[in-house]
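Residues per chain, in single letters:
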Amino acid sequence: VQLQASGGGLVQAGGSLRLSCAASGRTERNYIMAWFRQAPGKEREFVAGINRAGVRKDYGEAVKGRFFVSRVNAENTVVLQMNSLRPEDTAVYFCAGTIRPYGVIPTSTTTYDYWGRGTQVTVSS
């Protein structure tokens, strides 16, 4: 499975951005999809994840109530809607996927089988 993230950019604090992650290849193996982010000098951090059916979701504490993840399986796409953005949300955002049908959304980077290239999100104050 190959993943391609898009939608990053520069936005002012309080604004919104919408990231998309398009999957191609053996997408039938694509169970859980997630977004992570990595700021300069920091470890990669779990942002949000969603299972294949789209009924189980989880969010990192830093983004709860502001970011929302959704999935359109017919289009092999996962979307991250980011609202009320803050300067501390500035990072490179990565989408990731796993072929394993975990009962919960994994938050560890080591759990995911494949990754897309990141997309830069910059929030100015």
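Computed from a predicted structure; not experimentally measured. (Residues numbered from 1 in each chain as written. Predicted model: local features only at pLDDT ≥ 70, side-chain atom pairs only at ≥ 80, totals over all residues. Heavy atoms only, no water.)

### Section: the nonpolar core
Then, number 1: By size, the foremost hydrophobic cluster in this structure holds 27 residues, and its most contacted members are Trp35, Val47, Phe67, Val69, Leu80, Met82 and Tyr93.
Then, number 2: Secondary-structure elements contributing two or more residues to this core are β1 (2-6), β3 (17-24), β4 (32-38), β5 (45-50), β7 (67-72), β8 (77-82), β9 (91-98) and β11 (119-124).
Then, number 3: In terms of residues, this core owes the most to one element, β3, which gives four residues.
Then, number 4: Setting aside residues no more than four positions away along its own chain, tyrosine 93 makes contact with Leu19, Trp35, Phe36, Arg37, Val47, Phe67, Leu80, Met82, Arg117, Gly118, Thr119 and Val121.
Then, number 5: Residues Ala34, Phe36, Ile105 and Tyr112 belong to the second largest nonpolar core, which totals seven residues. (Core = buried A, V, L, I, M, F, W, Y, C linked by side-chain atoms within 4.5 Å. Buried < 20%, exposed > 50% of the residue type's maximum accessible area, 1.4 Å probe, protein only. Helix = DSSP H or I, 4+ residues; strand = E, 2+ residues; numbered from the N terminus. Contact = heavy atoms within 4.5 Å.)

### Considerations on the pattern of salt bridges
Side chains bearing opposite charge may pair, as long as their charged atoms lie close to each other.
Then, number 1: On inspection of all chains with the given rule, the structure shows five salt bridges.
Then, number 2: For lysine 64, the salt bridge identified is with glutamate 61, shortest N-O distance 2.8 Å.
Then, number 3: Here lysine 64 falls in the partly exposed class, since its relative accessible area comes to 43%.
Then, number 4: Residues joined in a network through salt bridges with shared partners are Arg37, Glu45, Arg66 and Asp89. (Salt bridge = Lys/Arg side-chain N within 4 Å of Asp/Glu carboxyl O.)

### Observations regarding the side chain of asparagine 51
Then, number 1: Position of asparagine 51 among the secondary structure elements: in the loop between β5 and β6 (57-59).
Then, number 2: Side-chain polar atoms of asparagine 51 contact the backbone nitrogen of glycine 54, separated by 2.9 Å.
Then, number 3: For asparagine 51, the residues in contact, after removing those within four places along its chain, are Tyr31, Ile32, Arg56, Arg71 and Ile105. (Polar contact = N/O pair within 3.5 Å; in protein donor to acceptor, adjacent residues only side chain to side chain.)

### Observations regarding unusual backbone geometry
Then, number 1: A positive phi is found at asparagine 76, a non-glycine position, where the angle reads about 50°.
Then, number 2: The residue asparagine 76 is located in the loop between β7 and β8 in this model.
Then, number 3: In this structure, serine 84 takes a positive phi of about 50° despite not being glycine.
Then, number 4: Within the secondary structure layout, serine 84 lies in the loop between β8 and β9.
Then, number 5: Given a relative accessible area of 40%, serine 84 falls into the partly exposed group.

No statement about biological role is implied by the geometric values presented.
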